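# Structural characterization, general
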Amino acid sequence: MMLLLELFWSFVKIGFTSFGGLSMIPLISSEMISHGWMTASEVSDIVAIAEMTPGPLGLNCATFAGMRAAGLAGAFVANMGALAPTFTLCAVAAVFFEHFRNSKRLMQIMIGVRPACVGMVAGVVIELAMVNYADLAGNVHVPSLVLGLVNLLLLVKFKVSIPKVLLFSAVVGIILFGVMELG
């Protein structure tokens, strides 16, 4: 029961201190690792799975992280924790929406908050890159790095959809690691 309360509280904090989607990942990573519920590698796997499944990334991460930490009940409380702040803040914002819409102060606040979110995502990108493109000794895994760069090119230059890039990567991974195991 205590684990479920800790999980709920962790996701309440995540929900109150992030703006959903990618900005949740650094916080989820920090909470999962600091509590010992997951390793950095497992967080990386959760993010990859959450990206591949339909639905909001933050909730998908909460579902998978909660499931990993405490089973089905953990997935439920992680989602309730992640959603509780949203429900609360949306209810308050709905009441005052007209007042805030034209607020110069709110626009000024967002000028500071947006770069902070980008910085947090960049920090996680670096952390996940270390897990995915290097081994524990710090040696670069060249095939993974090349695949990552090809995926970046497909997404940015050729505007290939994310599901197609994920499918491509899965097929390449099967072929690449199948060949490596045989060799």
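Residues numbered from 1 in each chain as written. Predicted model: local features only at pLDDT ≥ 70, side-chain atom pairs only at ≥ 80, totals over all residues. Heavy atoms only, no water.

Below, the discussion takes up the overall build of the protein chain. Within the protein chain one finds seven helices and zero strands. Shown N-terminal to C-terminal, the secondary structure of the protein chain runs as helices and strands in the order α-α-α-α-α-α-α. With the principal axes as the frame, the protein chain shows a C-alpha extent of 65 × 45 × 30 Å. The buried share of the protein chain, taken over its 183 residues, is 28%. The contacts of the protein chain with a sequence gap of at least 6 include a subset with a gap of at least 24, amounting to 53%. Approximately 11600 Å² of the protein chain is accessible, and the part contributed by carbon and sulfur atoms is 75%. (Helix = DSSP H or I, 4+ residues; strand = E, 2+ residues; numbered from the N terminus. Buried < 20%, exposed > 50% of the residue type's maximum accessible area, 1.4 Å probe, protein only. Contact = heavy atoms within 4.5 Å. Areas by Shrake-Rupley, 256 points an atom, 1.4 Å probe, with all protein chains shown as cover.)

Here the protein chain averages 89 in pLDDT, and 96% of its residues register 70 or above. Across the protein chain, the secondary-structure element scoring lowest on mean pLDDT is helix 7 (residues 162-182), at 86, and the one scoring highest is helix 6 (residues 142-156), at 94. (pLDDT = per-residue confidence, 0-100.)

Let's shift gears to the nonpolar core. Within the largest apolar cluster, 23 residues are counted, with the highest numbers of intra-cluster contacts made by Leu7, Phe11, Ile28, Met32, Met38 and Cys61. Secondary structure elements with two or more residues in this core: helix 1 (2-17), helix 2 (24-34), helix 3 (40-52), helix 4 (57-101) and helix 5 (104-133). A per-element tally of this core places helix 4 first, with eight residues. In this view, cysteine 61 contacts Ile25, Ile28, Ile46, Val47 and Ala50; residues no more than four positions away in its chain are not counted. (Core = buried A, V, L, I, M, F, W, Y, C linked by side-chain atoms within 4.5 Å.)

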